[in-house]
Amino acid sequence: MQIQPDELSTTFAALADPTRRAILARLAEGEATVTELAAPFDMSLPGISKHLKVLQRAGLIEQGRQAQWRPCRLKPERLRDVADWLGQYRRHWEESFERLDAYLQDLQDTQRPGKGDER
Amino acid sequence: MTATRIDRGSTESTTIYSDGADLVFERTFDAPRENVWKAFTDPQIVPRWWGPHGTTTTVAEMDVRPGGKWRYVSGAADRDDVTFYGEYLEIDPPRAFKWTFMFDVEGMGPQGGPETHTFEDVGRRTKVKSVGHMGSVEALEGALATGMAGGAIETWDRLEALLAEG
């Protein structure tokens, strides 16, 4: 499924990076400052800030306004949208195939005795 | 081609994998190809199987020829109706067809993209391959990394509930 250029594709692009996913995982445990978020990574504060900007633009996190203490917080709604979308797509085809299988079996059972209408 | 093929949670009966920017579903049906083709392209038959369990499908429009439009309305007890729609791009009976598979997400507009279905004889059975073209490897990886981490999603759910409580 090609995602149209919209918010969802920005989100997908933001999620494509392992560092950003690790940041999200950390924020799932609670809000954190940029310094706290940078700690597990071998990365400068500006480096982490760049990732945070991408996540923010993608609607995945928000950051407090205070100059010194700017805690980052997860915005789970967007992540849910993405997960829902893909989960539903998977489920759609998996379960449709199951139903199709049952239908085709029924059809063959009814075709077999008569067989007259086969092309 | 096979180098980029990564399993994405295949089940006993359905093979699911990604190949570059494509998400692929494969299943072999114990039926002749003609029957399987009809199941996908006959508006009388589509409502009998299309959509997940617990849903009903009404075919509102289905003009099976290149440039023709299709529109299915999916109903379920626990949600509002969802309309899937698109356009047939290529038709090659009974071997393959390509259409766009679209649906509207509130606040985000139309989502989806092209999807190709191919039908192949495997002895007396028929292999169906449905390929969703995701557009970019990054999009697919990002989506799968999130969507399939079930435990993580539950965490988000709980967090969301927590945040809602204030």
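Residues numbered from 1 in each chain as written. Chains lettered and ligands numbered in written order. Predicted model: local features only at pLDDT ≥ 70, side-chain atom pairs only at ≥ 80, totals over all residues.

With respect to the overall build of chain A
- Assigned secondary structure in chain A consists of five helices and two strands.
- Written out in order from the N terminus, the α and β elements of chain A read α-α-α-α-β-β-α.
- Buried positions account for 32% of the 119 residues belonging to chain A.
- The long-range share in chain A, meaning contacts at least 24 apart out of those at least 6 apart in sequence, stands at 51%. (Helix = DSSP H or I, 4+ residues; strand = E, 2+ residues; numbered from the N terminus. Buried ≥ 20, exposed ≤ 12 C-beta atoms within 10 Å, placed from the backbone. Contact = placed C-beta atoms within 7 Å.)

Description of the pairing of strand β6 (residues 79–92) of chain B
All names here are of chain B.
- In terms of strand pairing, strand β5 (residues 69–76) meets β6 through seven bridges, oriented antiparallel. Within the sheet, the bridge partner assigned to Val73 lies in β6 and is Thr83.
- In sequence, β5 turns back onto β6 through a hairpin of two residues. (Pairing = 2+ DSSP bridges.)

Things to note about the environment of Trp50(B)
- Relative to the elements of secondary structure, Trp50(B) occurs in the loop between α1 (33–41) and β4 (55–62).
- Looking at Trp50(B), the number of C-beta atoms within 10 Å reads 23, which means it is buried.
- Taking the C-alpha atoms as reference points, Trp50(B) and Tyr72(B), separated by 22 residues in sequence, lie 9.3 Å from one another.
- Contact partners of Trp50(B), with chain neighbours within four places excluded, come to Ser96(A), Thr57(B) and Tyr72(B).

Things to note about the pairing of strand β9 (residues 125–133) of chain B
All names here are of chain B.
- Here β9 shows a clear split, with Thr126, Val128, Ser130 and Gly132 buried on one side and none of Arg125, Lys127, Lys129, Val131 and His133 buried on the other.
- Here eight bridges tie strand β3 (residues 22–29) to β9, and the two strands are oriented antiparallel to one another. Of the residues in β9, the one forming a bridge with Thr28 is Lys127.

Quick look at the confidence of the model for chain B
All names here are of chain B.
- Chain-level statistics for chain B give a pLDDT mean of 81 and a share of 76% at 70 or above.
- Across chain B, the element-wise mean pLDDT spans from 43 in helix α3 (residues 150–165) up to 96 in β4.
- Scored below 50 in pLDDT, residues 147–164 shows 16 contacts in the model against residues more than four places distant or in partner chains.
- Scored by ipTM, the complex comes to 0.77, with pTM at 0.68. (pLDDT = per-residue confidence, 0-100.)

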